[in-house]
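Observations on the model geometry
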Amino acid sequence: MQKPEIPINESDRQAALDRYEILDTLPEQVYDDLTQLAADICGTPIALISLIDRDRQWFKSRVGLDATETSREISFCGHAVFDNTILNVPDATQDPRFADNPLVVNDPSIRFYAGIPLTTSDQYTLGTLCVIDRQPRDLTPQQINQLESLSRLVISQLELRKNEATSRLLTSVVESSNDAIITKNLDGIITSWNPAATELFGYSADEMVGKSIFTLIPPDRLTEEKLIVERLKLQEKVEHFETVRLHKDGSRLEVSVTISPLISKTGEVVGASKIVRDITNRKAAEEKLSNLLMLQKAILDNPNFAIISTDLDGTIQSFNAAAENMLGYTSSEIVGKTSPALFHVGEEIVTRAQILSEELQRPIETSFEVFIAKTKFRQVDEAEWTYIRKDGSQFPVLLTITAIRTENDEIRGFMGIAKDITAQKQAEKQSLDITDALNKTAIVAITDIQGTIIFANDKFCEISKYSREELIGQNHRILNSGHHPRQFFTGMWKAIASGQTWRAEIKNLAKDGSFYWVDTTIVPFLNEHGKPYKYLTIRKDITDRKAAEIELQKLSLIASKTDNVAIVTNPQGKIEWVNESFYRVTGYTLAEVVGKKPRDILQGVKTSKETVAEIRYALARQEPFSGEILNYHKNGKPYWLLLQINPVFDDDGNLQHFIAIENEITTRKEMECDLKLESEERRITSQKLSVLTERLEISNRELLDFAYVASHDLQEPLRKIQAFGDRLKSTCNDGLNEKGQDYLERMLNAAGRAQVLINDLLSFSRVTTQAKPFAPVNLSEILDGVLSDLEIRIEQTGAAVEIDRLPVIDADAMQMRQILQNLIGNALKFRQEGLAPLVQVRSRMLTNHGEECCEIHVIDNGIGFEQKYTDRIFQIFQRLHGRGTYEGTGIGLAICRKIAERHGGSLVAESKPNQGATFIFTTPIHQAKGNINYDH
């Protein structure tokens, strides 16, 4: 067989084929009509539109053939593509290039072939339009001319298909553009008018299409249009031309116009396209427009904008790079194969369908209709959705969906633009959390550049004892307690005036004369020149902490050195002091926890609610508590504590503090948990294995019974077919014509193959259904008998056989003979061309899990196989080679493995292509006494 050669321009030819985006597409009637017409013209049973891909020929359309593709190496069309000329093969069996081609000697049995190259306008041959017959024949010149005409129609259809896809995308862009897009001929007559043009000028498309462009041009600007026409005739483009145009109501619009010539196929200028943008307010809002343009560019360049288009049925037609990055799928995995529902949450689709049904007053199904229902009413559907990446992770998007319409206002598809709003959602939540936290806990004030208070929140009024009216308009000096030196505030003003954030603890004076301490942070608001124009002050009341610090310093000397965690709280449970071990165990410093309750910072989602309730109950009753609790480190890591809490009373019996002593027991708890989980997992696994084993045994018995009964019952009708076929051949063969004799011979051959298959199937079922009890078997004697049976075959192949002495084992003698004969027979069958077979039978003893076993290696120097097929070859009916190459039914190795498993052993294979194969049969030396091992 001669393989087709690769054209010199193969890479360019392949690129030309790829640009049509036709490979692996669904059948289309127009191509099927052309293929059927080719078959009718030539009177052939088979006709194909075949495209030559990198390593295959793929059929866009086919008549009389079920296959959708074949290998390029055996293709007839590959020869036509290389020669770039008509390939006519009257009788493939007489052509040395094709006589032994698998497509000739096997199905579909090609005898006649004629292929017309499918050549593009830039001279790249994509494939062929070919006709095929199973009988020798030739075509008339008229038929060849008609095939050539059909091949040109195929190329024209491919071009039309590509151009229609481009046209639909361009129409969508024009319809959704924010700029007015207008086309006109050289006489100034408007030929198209997009929705943005209606928005800009006030005229509808019906009012303007067919009208003169001068309707929009003020009298004092008519000269401009004439100059532009002259430049267009020279095929020049006019970019960002700023001028004035008229609105329908007569008002003047300042616009920026980009004008491009429209050039016909003959190279003549036939008109112009104009992109018009309103810039009426640009002069007064230069900075705002600049920011808007920068924002627009940032959005378009932002990888979070995924643009996806679909056809009317929801099948995705385009999937941009941002969508690939966002969702983790490649365009080739998505386009033409699935709908957007693939990466949407099902519950959200159901919810959205209910919302739209109420909004649109009609039932909306939970299908692709959910996404496009509003667009059919000329509405833009904008909503938040959750997208699912290929790896299963989820993220929120803002999805805008519009309809893609034709010039006739027909919907041809839909486009969705999705923006990843993960950061936005996080920022919104963070902003709400910060605002809520500040309002609940912080003392907030805003002053002007001189320090005059212009805002004070409720917390500020509460702690200072001044009303908001008394604070607004005052300087913070109203709160000066005299505790801090002048240099303290001088340094503060120097820092914030230079734009730096300043933080310190300040002792202030309230209106009622009491003192209070606040942790103060001042943040300057900076203008565009980097200079402060306001100051934000955020304070936190630390009066209690400052008072407790003195008292706790004494306690710290006592408890700071202990390894156990020590916590002291006030009667309300707020922390007043912790020791150094607290920081080691929790990660929190004293400054971070003073004034907070331990449960607010240490407890988490898996902390026992029952234990927390018990602690609260004990503390409320001012009683001791002892127990275990799960807390969380500052970094989020959980840990276990053995906790002892005791109340402390003064001489009068009044509660003063709670003291908690904690001992970390994380390691102990983890060991307890691991032991419990391991025990439960073993129990569940054992139950599952027991159920699966029982089901597998039942299924295996039923399958073998079925195989035995089915194959046994087929024997009798098959014998009758063979007998009557032989009688017919012997008595009536001379009376049959050539075709009848061929049919008879095929029937007898098929019956013979069926007989072999049934016998093998019976052998497979009998491994267990008609097995013999295990008894001592001398494997060397079994092997001698096998080699005697294969003596003629060994002589014919010139094979050499090297054997080791094999042991005596407990086994089924018949099945041992069967497995050895099958493995050695395969070694002789799958030999390399021109190389005498060498078969080695090696044996060794080994111990496996305390059991004495024998391991037999059958090694050959044959054709071998890819290691990845090692499991496939042991499956019933699985073959690595065609029946025409090597005889057999694909059952032999399945029988061998079943025999090995029946004997409590295994059969595996190791191989590389053209480097031979090694089959390793392992079986116990001794079987359980009296073990017959029937699977029934």
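Further up the page is the structure itself.
Thresholds, definitions, all that
- Residues numbered from 1 in each chain as written.
- Predicted model: local features only at pLDDT ≥ 70, side-chain atom pairs only at ≥ 80, totals over all residues.
- Heavy atoms only, no water.
- Pairing = 2+ DSSP bridges.
- Helix = DSSP H or I, 4+ residues; strand = E, 2+ residues; numbered from the N terminus.
- Core = buried A, V, L, I, M, F, W, Y, C linked by side-chain atoms within 4.5 Å.
- Buried < 20%, exposed > 50% of the residue type's maximum accessible area, 1.4 Å probe, protein only.
- Axes fitted to C-alpha atoms, helices over the stretch in contact; angles between N-to-C directions.
- Salt bridge = Lys/Arg side-chain N within 4 Å of Asp/Glu carboxyl O.

Turning next to the pairing of strand S9 (residues 238-246). The pairing of S9 with strand S10 (residues 252-263) spans seven bridges and is classified as antiparallel. Along S10, the bridge assignment pairs Thr243 with Val255. Hairpin connection between S9 and S10: a loop of five residues separates the two successive antiparallel strands, and Gly250 in this loop has a positive phi of roughly 95°.

Mapped onto the elements of the fold, Gln818 is located in helix H27 (residues 813-829). The spacing of Gln818 and Ile899 is 81 residues in sequence and 8.8 Å in space, taken between C-alpha atoms.

Moving on, we come to the nonpolar core. Met816, Leu823, Ile824, Leu907 and Phe919 are the most contacted members of the largest nonpolar core, which totals 39 residues. Listed by contribution, the elements that provide at least two residues to this core are helix H25 (779-789), strand S29 (808-811), H27, strand S30 (838-848), strand S31 (851-859), helix H28 (892-902), strand S32 (906-911) and strand S33 (917-924). Tallying contributions element by element places H27 first for this core, with seven residues. Within the second largest apolar cluster, 30 residues are counted, among which are Leu356, Leu360, Val370 and Tyr387.

What follows is about the sheet that holds strand S24 (residues 625-632). The sheet built from five strands is open, its strands ordered S23-S22-S26-S25-S24 with antiparallel pairing. Only two strands of the sheet have a single neighbouring strand rather than two, namely strand S23 (575-578) and S24. Each strand of the sheet is rotated relative to its neighbour by a mean of 30°, with strand direction disregarded. Alignment of strand S25 (residues 638-649) against strand S26 (residues 655-664), held across nine bridges, turns out to be antiparallel. Among the inter-strand pairings, Ile645 is bridged to a residue of S26, identified as Ala660.

Time to look at the sheet that holds strand S5 (residues 112-119). Strand order across the open sheet formed by six strands is S3-S2-S1-S6-S5-S4, with antiparallel pairing between neighbours. Because the sheet does not close on itself, it has two edges, and the strands there are strand S3 (69-71) and strand S4 (87-89). Averaged over all neighbouring strand pairs, the angle between strand axes comes to 20°, with direction disregarded.

It is worth spelling out the pattern of salt bridges at this point. Where charged atoms from two side chains of opposite charge approach closely, those side chains can pair. Inspection of every chain in the model, using the stated rule, returns 43 salt bridges. Across the pair Asp53 and Arg56 runs a salt bridge, and its minimum N-O distance is 3.0 Å. Using a relative accessible area of 9% as the deciding quantity, one classes Asp53 as buried. Given a relative accessible area of 13%, Arg56 falls into the buried group. The partner of Arg97 in a salt bridge is Asp95, with the nearest N and O atoms 2.9 Å apart. One continuous salt-bridge network, built from bridges that share partners, spans Asp18, Asp24, Asp53, Arg54, Arg56 and Glu69.

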